[in-house]
Amino acid sequence: MNVAFLIYDQVEALDLNGPLDVFIKANVIAEGSYNCYTVGKTKDAVFMEANTMAIIPTYTIQTALQPDMIVIPGANPDRVMEYLQDDGFQKTVMQWVKDLYHQGTTVFTVCTGSMHLSKTGILDHHEITTHSMLLDTLEQHNPKSTVKRNVRFVDQGQLITTAGITAGIDTALYLVEKHHGKELADTIVSLFEYQQKEFRH
């Protein structure tokens, strides 16, 4: 499975790296299960939140391998709202996501990443969620959607949305189990020394 991780300026570090590491570990254990790579609007380095490090995308939206799944990490709510009003970002990056979604690519948003899809129509007529800080705003911007509260993630098949930052790890583990079985997911949990909470979805 080709898994494209969308990166952009001020992306939240754990939103990106949490699920990325789950899928990378899965591929180490079960070689050939996931091919992970990052995709940016351009090949220019992008800074993570607070400018503590920069990442150079593996591909641009023009050169990226055809993904089976796109992971969209979030960012600070104010920054996400800026991107929502950025026509250039919407007409290039979000259009890329929308086109691939309509070709059958699964879209997996982490935390506030779901807000990025608010102008694409992808969220319409789906149950969705996001970080608790942005639930009301997500609801206001997506009147055709049903916003779920007090859940870790919502799996709608081709669209998966998650709650706050660490929910991306739980959801990636859930997807590994869904794709490849509980044994592989449990092995990753052990490697992470990760104490999973009981979660609702």
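What you see is a predicted model; the values in this text were computed from it and never measured.

A few points about helix α2 (residues 77–84)
And then number 1: Within α2 the residues assigned to the buried category are P77, V80, Y83 and L84. One face of α2 carries all of its buried residues, which in axial projection span an arc of 115°. Relative to its buried face, α2 has exposed residues pointing more than 90 degrees away, namely D78 and E82.
And then number 2: Those residues of α2 hidden inside the fold are in contact with α3 (87–102) and α4 (135–141).
And then number 3: The N-cap residue of α2 is N76: its side-chain oxygen and the backbone nitrogen of D78 are 2.8 Å apart.

Here we look at the packing of helix α1 (residues 13–29) against helix α6 (residues 182–192)
The angle between the axes and the distance between the axes are what describe a pair of packed helices.
And then number 1: The geometry of α1 relative to α6 is characterised by a closest axis approach of 10 Å and an angle of 115° between their N-to-C directions. Judged by the angle between their axes, α1 and α6 are roughly perpendicular. In this structure, the crossing between α1 and α6 has a hand that is right-handed. Judged by residue contacts, D21, V22, K25, A26 and I29 of α1 engage L184, T187, I188, L191 and F192 from α6.
And then number 2: Each residue belonging to the contact of α1 with α6 can be placed in one class, and the counts come to seven nonpolar, one polar and two charged.

Calculation notes
- Residues numbered from 1 in each chain as written.
- Predicted model: local features only at pLDDT ≥ 70, side-chain atom pairs only at ≥ 80, totals over all residues.
- Heavy atoms only, no water.
- Buried < 20%, exposed > 50% of the residue type's maximum accessible area, 1.4 Å probe, protein only.
- Helix = DSSP H or I, 4+ residues; strand = E, 2+ residues; numbered from the N terminus.
- Arc of directions from axis to C-beta.
- Contact = heavy atoms within 4.5 Å.
- Polar contact = N/O pair within 3.5 Å; in protein donor to acceptor, adjacent residues only side chain to side chain.
- Axes fitted to C-alpha atoms, helices over the stretch in contact; angles between N-to-C directions.
- Parallel < 35°, antiparallel > 145°, perpendicular 65-115°, else oblique.
- Left-handed = near helix turned anticlockwise from the far one by under 90°.
- Nonpolar A, V, L, I, M, F, W, Y, C, P; charged D, E, K, R; others polar.

No statement about biological role is implied by the geometric values presented.
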